[in-house]
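A closer look at the structure
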Amino acid sequence: MTQKKPISLTGDRPTGPLHIGHYVGSLNQRIVMQEHYNSFIMIADAQAYTDHMHERVKVKNAILQVMEDYISVGLDINANTFFVQSCIPEIQELSFYLNNFVTVSRLERIPTIRKEIFEKFASPDKCLSDIPRDIPVGFLSYPVSQSADILIFQAEYIPVGRDQLPILELTNEIVKNFNNTTNSQLLKKCIPIFDKEKGTLPGLDGKAKMSKTLGNTINLNSTNDEIMTKVKTMYTDPKHIHISDPGIIEGNMVFTYLDYFYKDKDHLCELKEHYRKGGLGDSQTKKILTDVLIEFFEPIQIRRQQIDKEQLLIILKNHTERARNIAAHNLAIIKQRLGLNIF
Ligand code: TRP
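Report on the accompanying structure. The shown structure was predicted, so the numbers you read here are calculated from the model rather than taken from an experiment. (Residues numbered from 1 in each chain as written. Predicted model: local features only at pLDDT ≥ 70, side-chain atom pairs only at ≥ 80, totals over all residues. Heavy atoms only, no water.)

1. Here we look at the packing of helix α2 (residues 45-52) against helix α3 (residues 56-73)
The relative placement of two packed helices is expressed as an angle between their axes plus a distance between the axes. Here is the rule we go by: Axis angles are defined between N-to-C directions and span 0 to 180 degrees, where every axis is a line fitted to C-alpha atoms and, for a helix, only to the segment in contact. Counting from the N terminus, the helices are DSSP H or I runs at least four residues long and the strands are E runs at least two residues long. When describing relative orientation, an angle under 35 degrees is termed roughly parallel and one over 145 degrees roughly antiparallel, while 65 to 115 degrees is termed roughly perpendicular and anything else oblique. The hand of a helix crossing depends on one turn: near helix anticlockwise from the far one by less than a right angle means left-handed, and clockwise means right-handed. It only takes one pair of heavy atoms within 4.5 Å for two residues to be counted as in contact. In this count, Pro and Cys sit with the nonpolar residues alongside Ala, Val, Leu, Ile, Met, Phe, Trp and Tyr, while Asp, Glu, Lys and Arg are called charged and the others, Gly among them, polar.
At a minimum axis distance of 10 Å, the contact between α2 and α3 shows a crossing angle of 155 degrees. Here α2 is positioned roughly antiparallel relative to α3, judged by the angle of their axes. For the pair α2 and α3, the sense of crossing is right-handed. Contact residues: α2 offers Asp45, Ala48, Tyr49 and His52, while α3 offers Arg56, Val59 and Ile63. Considered class by class, the residues forming the contact of α2 with α3 number four nonpolar, one polar and two charged.

If you want it as structure tokens, here you go:
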């Protein structure tokens, strides 16, 4: 029955607990989609190793943490197939074949990869236009492996954050090259699914992206006290010193977050007007945001309390086995097409 639904696939690198940026960027999309799609959700531990080889224990521990986050935000174990990437070696086998449909220079041009390489591997004195040569091959080629994640499940709908779009473009080029080369229509193009209006939620400090390393996030496993403390650190308008001073909304993270999370838009407009004129203090706006977030977090916290961790591990194992069977089946068809079928 579920076979008839369109297939969707997405995943997260387990490098720590997920945060509200993940929620806004992708998890909320998955919650909406889970009823209507045959959804695969991958915990991408193998991909995490492309830049976390030195933090393997952290990655291992984060697998269940991420799984707990999934269940806590309302992803349903009966509506999704959750799996651990490294337990499906067929993905890496497919990835090895797909590597031959992509050039090194194409990988080096992927904006997401360039950005990540400079953030993670380049020393500051390196010339910014040249990608350094001393980066792991695995990192440069993870977009190919990511394409294999998608194509091995014949997934056509991919809920992701914006930063992943260039990688999906590559996936579709691989599809085209593969189909041309094998004179078939076997692989299907994938379609990214993301909220065009919402974009990416910036970090608490106003930096473009939330990042676990920068600590500018609110994790989905936060307690109310932690939420309150985090909101207090948020970047507002540095020139808004006295309550009576006029304040700026643009770039003020408290208002940016209220835009996402505060449902009463009319009241929000009034608050912005008041803040602009002067007379509304940051501690007041932060209190409003704290309350809004605490309300948002409540169902997440309740679901989390109900989780039986041992049981969750068993569920993840069973789901992974199910996913592996599908992957093995589909890989056999792809290998057949490639002529890798001597026996
Ligand atoms: N690269 C994605 C991220 O960091 C995780 C991921 C791995 C993924 N494989 C995928 C996302 C396949 C979508 C489809 O968020």
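2. Observations regarding the pattern of salt bridges
Heads up, the rule is: Salt bridges are identified by distance alone: a Lys or Arg side-chain nitrogen within 4 Å of an Asp or Glu carboxyl oxygen. Here's how the labels work: a residue is buried when its accessible area is under 20% of the maximum for its type, exposed when over 50%, partly exposed in between, all with a 1.4 Å probe on protein chains only.
Applying the stated rule across the entire model yields 18 salt bridges. Of the charged contacts, one joins aspartate 12 and arginine 30 as a salt bridge, the two residues approaching to 3.0 Å between their closest N and O atoms. Of the two residues, aspartate 12 sits in strand β1 (residues 7-12) while arginine 30 sits in helix α1 (residues 20-33), which places them 18 residues apart along the sequence. Each member of the pair aspartate 12 and arginine 30 is classed as buried. We note a salt bridge from aspartate 51 to arginine 13, for which the minimum N-O separation is 3.6 Å.

3. What about the site of the ligand?
Rules: Being near a molecule or strand, for a residue, comes down to having at least one heavy atom within 4 Å of it. In protein, a polar contact requires one atom able to donate a hydrogen and another able to accept it; more generally it is a pair of N or O atoms within 3.5 Å, and residues adjacent in sequence count only if both atoms are side-chain atoms. For every accessible area listed, the method is Shrake-Rupley and the probe measures 1.4 Å; residues are considered covered only by the protein chains on display.
By nearness alone, 13 residues border the ligand, and Met42, Gln47, Gln146, Asp149 and Gln164 come closest of all. Take glutamine 164: an N or O atom from its side chain is 3.0 Å from a nitrogen atom of the ligand. Protein chains shield 89% of the accessible area of the ligand, which is 370 Å² for the free molecule. When residues of the shell around the ligand are traced back to their parent elements, those giving at least two are β1 and α8 (142-152). Per-class residue counts for the shell around the ligand are six nonpolar, five polar and two charged.

4. Considerations on the environment of glutamate 156
Its location among the elements puts glutamate 156 in the loop between α8 and β4 (157-159). When sequence neighbours within four positions are dropped, the list of residues in contact with glutamate 156 reads Ile7, Lys188, Lys189, Cys190 and Ile191.

5. Looking at the packing of aromatic side chains
What counts here: Note on ring pairs: Phe, Tyr and Trp rings are taken, using the six-membered ring of Trp, and paired if centres are within 6.5 Å. Classes follow the plane angle, with under 30 degrees stacked, over 60 edge-to-face and the rest tilted. Charge-over-ring contacts are defined here by two conditions on Lys NZ or Arg CZ: a distance within 6 Å of the ring centre and an angle within 35 degrees of the ring normal.
Applying the stated criterion across every chain yields a total of 12 aromatic pairs. With a centroid separation of 6.5 Å and an interplanar angle of 50 degrees, the aromatic rings of tyrosine 260 and phenylalanine 261 are classed as tilted. Comparing tyrosine 260 with phenylalanine 261, the two get one shared label, buried. Aromatic ring contacts, followed pair by pair, group Tyr23, Tyr260, Phe261, Phe296 and Phe297 into a single cluster. Above the ring of tyrosine 142, the side-chain terminus of arginine 13 is found at 4.5 Å from the ring centroid.

6. Some remarks on α1
Convention followed: Here the expected length of a helix is defined as 1.5 Å per residue gap, with one fewer gap than residues. To get the bend at a residue, fit one axis to the 7 residues ending there and another to the 7 starting there, then take the angle between the axes.
Taking 1.5 Å of rise per residue, the 14 residues of α1 would be expected to cover 20 Å, and the 18 Å separating its terminal C-alpha atoms lies within 8% of that figure. The sharpest bend along α1 comes to roughly 50 degrees, located at serine 26. Burial runs high along α1: 10 of the 14 residues are buried. The set of residues buried in α1 consists of Ile20, Gly21, Tyr23, Val24, Ser26, Leu27, Asn28, Gln29, Arg30 and Met33.

7. Digging into the pairing of β1
Rules: Strand pairing is assigned whenever DSSP identifies at least 2 bridges connecting the two strands. Handedness is read with the strands pointing away from the viewer; a crossover is right-handed when the path from the first strand over the helix to the second is clockwise.
Counting buried positions along β1 yields five of six residues, so the element is predominantly enclosed. Examined bridge by bridge, β1 and strand β2 (residues 38-43) share six bridges and lie parallel to one another. Following the sheet pairing, serine 8 is matched in β2 by serine 39. Read as a crossover between parallel neighbours, the route from β1 over α1 to β2 is right-handed.

8. As for the environment of lysine 230
Inspection of the secondary structure assignment puts lysine 230 in helix α10 (residues 224-232). Separated by 85 residues in the primary sequence, lysine 230 and isoleucine 315 place their C-alpha atoms 33 Å from one another.

9. Overview of α2
In an α-helix, one turn spans 3.6 residues, which is why side chains three or four residues apart end up on the same side. Most of α2 is tucked away, with six of its eight residues classed as buried. For α2, the complete set of buried residues consists of Asp45, Gln47, Ala48, Thr50, Asp51 and His52. Buried residues along α2 sit in contact with β2, α3, β3 (80-84), α6 (111-120), α7 (137-140) and α8.

10. With respect to the pairing of β2
Counting buried positions along β2 gives six out of six residues, so the element sits mostly inside the fold. What you see with β2 is no split at all: Asn38, Phe40 and Met42 on one side and Ser39, Ile41 and Ile43 on the other are buried throughout. Relative to β3, β2 is paired through five bridges, and the arrangement is parallel. Considered in β3, the bridge of methionine 42 is made with phenylalanine 83.

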